[in-house]
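Given next are the chains, with one letter for each unit.
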Amino acid sequence: MDLHIIGGGPAGLAAGYFAKQKNLTFQILEGSSDLGGNCKTISFGEFMYDTGAHRFHDKNKDVTAIIKTLMGDELLKVNSPSKIFWEKRLVNFPLEFSNILKTLDKTTIINIVLENIINIFSFNKNNKNFKELSYKKYGKTLAELFLINYTEKLWGLDAENLNNKIAGDRLKGLDLYSILKTLFIKNNIDQKHLDGSFYYPKNGFGSIFNSLGDYVGKESISLNSNVVEIHHKNNLIKNLILDNNEDSQIKNLISTLPLNLLIKYLRPAAPKDILNISNNLKYRGLRLAIISLDLKSFSNNASIYYPQSNIPFTRIYEPKNRSIKMAPNDKTCIVVEVPCQPQDLIYNSSDDEFLDKIKYNLLKYTHIVESDIINSTSQKVPFAYPILDYEIEDKLNKLFNYLSVFTNLNLLGRSAEFKYLHTHNLFIHANQLIKNI
Ligand SMILES: Cc1cc2nc3c(=O)[nH]c(=O)nc-3n(C[C@H](O)[C@H](O)[C@H](O)COP(=O)(O)OP(=O)(O)OC[C@H]3O[C@@H](n4cnc5c(N)ncnc54)[C@H](O)[C@@H]3O)c2cc1C
């Protein structure tokens, strides 16, 4: 066997896709009974939902071409912009100054403009954490209004302790130039920041990975194959041990395991200092509340974001606004995302307790009334986001340096590379890795 791949999530399946194209002999070892990892589509009565607000980003033409060929007519081009819930109104996402201008008072606007002008002339380039970066980039007032609260809720850390790499492009339209343009040039609404156009399969995002599984072929996939030990000798990975004691000899290995688990499973064990760093890596989990509604529609939006710290969720999405096949014509379903740690009360509370808390907040902060709710269920999503604290580069350098001695080991995937990656990134990286095998 040329290659073993640990994990049958998006990363493992992307590796399988290119391995098949290259006619390698390979086996994907998936610990659970299903493919798709954190990108599954699940049935709930007459409804379907994804394990998170997923869509396919058209960011790389080669990867988009692969997904289009794989999915054929199943792939839809969807136009459904997202919004932010703020001061009981919905404003455009990503934020645009022209749009929020209507809600801000004059003093706040003057403060925002002044802070941004001062920032231009400030010589302090030392933005060592996310709070400093966002103050420097957008000014304190804007950063505190829309960015810091949402970010702290999503990642579960104070903004001072978060790495500035998590900034992304959420506030792209809020630099000083766009703010002044909005204030002084009439009708300036820069539509290119509206993030509402994307690809989505008719039967849910998870169907991409079911189709990839079909392409890769049953003979190359072992479900319920949970790797528990990874044996190495002379800088080579030699064998994998499964929880049923099965033993596989390894020529080349791609691991999509969360980085901390990969290091934990190594035999002989990694040195103490490496284990210490690795055991302290943290991943943010999600708990989802799936609520079916006796309403034709909840909103027109792909997603609605909730930055306020007193609301327990960060985002609500409505599967039907991605594909009409996700719900019956006269009803809809929403998925409420609650970021939390596996040790948090909200992650471990009973389904009923969790769902009651979410319903209470939905009745308080949305237009839903109790009689609209048909049914509800809950779903846990572990390893949703690697938590990038502001010292993470140093820690990762040490771990990757240590692992680089194993010449037949490659890491691929969001949790394995400890990076905020999406499907198209995983395909690009999988292609590079397979070329070198
Ligand atoms: C809320 C949310 C929204 C997102 N939205 C998007 C989006 O819109 N577009 C997009 O492209 N991406 C999106 N993503 C990112 C996407 O979900 C991830 O990039 C993707 O799931 C990472 O795939 P992976 O294969 O690296 O890891 P995973 O999906 O975590 O898969 C890892 C696999 O390894 C298996 N495994 C674990 N341990 C073992 C073991 N010991 N032995 C064998 N197998 C094991 C697991 O069962 C799992 O199947 C989103 C993620 C979240 C959480």
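Residues numbered from 1 in each chain as written. Predicted model: local features only at pLDDT ≥ 70, side-chain atom pairs only at ≥ 80, totals over all residues. Heavy atoms only, no water.

(A) Broad picture of the pairing of strand β10 (residues 227–233). Note: β10 against strand β11 (residues 236–242), six bridges, orientation antiparallel. Following the sheet pairing, lysine 233 is matched in β11 by leucine 236. Here β10 folds back onto β11 in antiparallel fashion, the turn holding two residues, of which asparagine 234 has a positive phi close to 50°. Both β10 and strand β14 (residues 266–267) contribute to a ladder of two bridges, which runs parallel. From the neighbouring strand, isoleucine 230 faces β14, where its bridge partner is leucine 266. (Pairing = 2+ DSSP bridges. Helix = DSSP H or I, 4+ residues; strand = E, 2+ residues; numbered from the N terminus.)

(B) Layout of the site of the ligand. As a structural note, the neighbourhood of the ligand is formed by 32 residues, with Ala11, Glu30, Asn38, Arg55 and Thr423 the closest of them. Here glutamate 30 contributes a side-chain N or O atom positioned 2.6 Å from an oxygen atom of the ligand. In the environment of the ligand, an oxygen atom lies 3.0 Å from a nitrogen or oxygen atom belonging to the side chain of histidine 54. Expressed as a share of its isolated accessible area of 990 Å², the protein-covered part of the ligand is 91%. Secondary structure elements with two or more residues in the shell around the ligand: α1 (10–21), β19 (373–386) and α15 (423–435). Two domains share the shell around the ligand, each providing at least three of its residues, namely domain 1 (3–39 + 60–68 + 205–281 + 388–435) and domain 3 (283–386). (Near = heavy atom within 4 Å. Polar contact = N/O pair within 3.5 Å; in protein donor to acceptor, adjacent residues only side chain to side chain. Areas by Shrake-Rupley, 256 points an atom, 1.4 Å probe, with all protein chains shown as cover. Domains from an automatic or database assignment.)

(C) Just the packing of helix α4 (residues 106–121) against helix α6 (residues 140–155), in detail. Two numbers describe how α4 lies on α6: the axes approach to 7 Å, and their chain directions differ by 115°. Of the residues in α6, those touching α4 at Thr108, Asn111, Ile112 and Glu115 are Lys140, Thr141, Leu142 and Leu145. Looking at the contact of α4 with α6, its residues break down into three nonpolar, three polar and two charged. (Axes fitted to C-alpha atoms, helices over the stretch in contact; angles between N-to-C directions. Contact = heavy atoms within 4.5 Å. Nonpolar A, V, L, I, M, F, W, Y, C, P; charged D, E, K, R; others polar.)

(D) Region of the structure containing the pattern of salt bridges. By the definition in use, this model includes eight salt bridges. Of the charged contacts in the structure, one is a salt bridge between aspartate 62 and lysine 61, with a shortest N-O distance of 3.8 Å. In this structure aspartate 62 comes out as partly exposed when scored by relative accessible area, which is 49%. Among the ionic pairs, glutamate 337 bridges to arginine 315, the shortest N-O distance being 2.9 Å. Remark: arginine 315 occurs in strand β17 (residues 315–317) and glutamate 337 occurs in strand β18 (residues 332–340); sequence separation between them is 22 residues. Each member of the pair, glutamate 337 as well as arginine 315, carries the same accessibility label: buried. (Salt bridge = Lys/Arg side-chain N within 4 Å of Asp/Glu carboxyl O. Buried < 20%, exposed > 50% of the residue type's maximum accessible area, 1.4 Å probe, protein only.)

(E) How the structure looks around unusual backbone geometry. The omega torsion across arginine 267 and proline 268 is -5°, close enough to zero to call that bond cis. Considering the arrangement of structural elements, one finds proline 268 in the loop between β14 and α10 (272–279). Look at asparagine 224: it is not a glycine, yet its phi comes out positive at around 50°. Mapped onto the elements, asparagine 224 comes out in the loop between β9 (221–222) and β10.

(F) Molecular detail of the pairing of strand β7 (residues 89–93). Examined bridge by bridge, strand β6 (residues 82–86) and β7 share five bridges and lie antiparallel to one another. Its bridge partner lying in β7, serine 82 is registered against phenylalanine 93.

(G) Expanded view of the sheet that holds strand β1 (residues 3–6). Within the open sheet, the five strands sit side by side as β9-β2-β1-β13-β20. Their pairing is parallel. Edge positions in the open sheet fall to β9 and β20 (409–411), since each of these has one partner strand only. As judged from the two bridges shared by strand β2 (residues 26–29) and β9, these two strands associate in the parallel manner. Counterpart to leucine 29 in the pairing with β9 is serine 222.

(H) Layout of the domain arrangement of the protein. What the domain assignment reports for the protein is domain 1 (3–39 + 60–68 + 205–281 + 388–435), domain 2 (87–121 + 129–193) and domain 3 (283–386). With ten residues of domain 2 in contact, the opposing surface of domain 3 contributes 14 residues. For the pair domain 2 and domain 3, the summed buried surface comes to about 1100 Å²; carbon and sulfur atoms form 66% of the total. Of all residues in domain 2, Tyr150, Lys153 and Leu154 bury the most surface against domain 3, accounting for 54% of the area lost on that side. Linking domain 2 with domain 3 are zero salt bridges, by the criterion used here. In this assembly, domain 2 and domain 3 are joined by six residue pairs in polar contact (both at pLDDT 80 or more). Residue assignment for the side of domain 2 that touches domain 3 shows that the elements contributing at least two residues are β7 and α6. The element best represented in the side of domain 2 that touches domain 3 is α6, accounting for six residues. Split into classes, the residues belonging to the side of domain 2 that touches domain 3 amount to six nonpolar, two polar and two charged. (Buried area = accessible area lost by both parts, 1.4 Å probe.)

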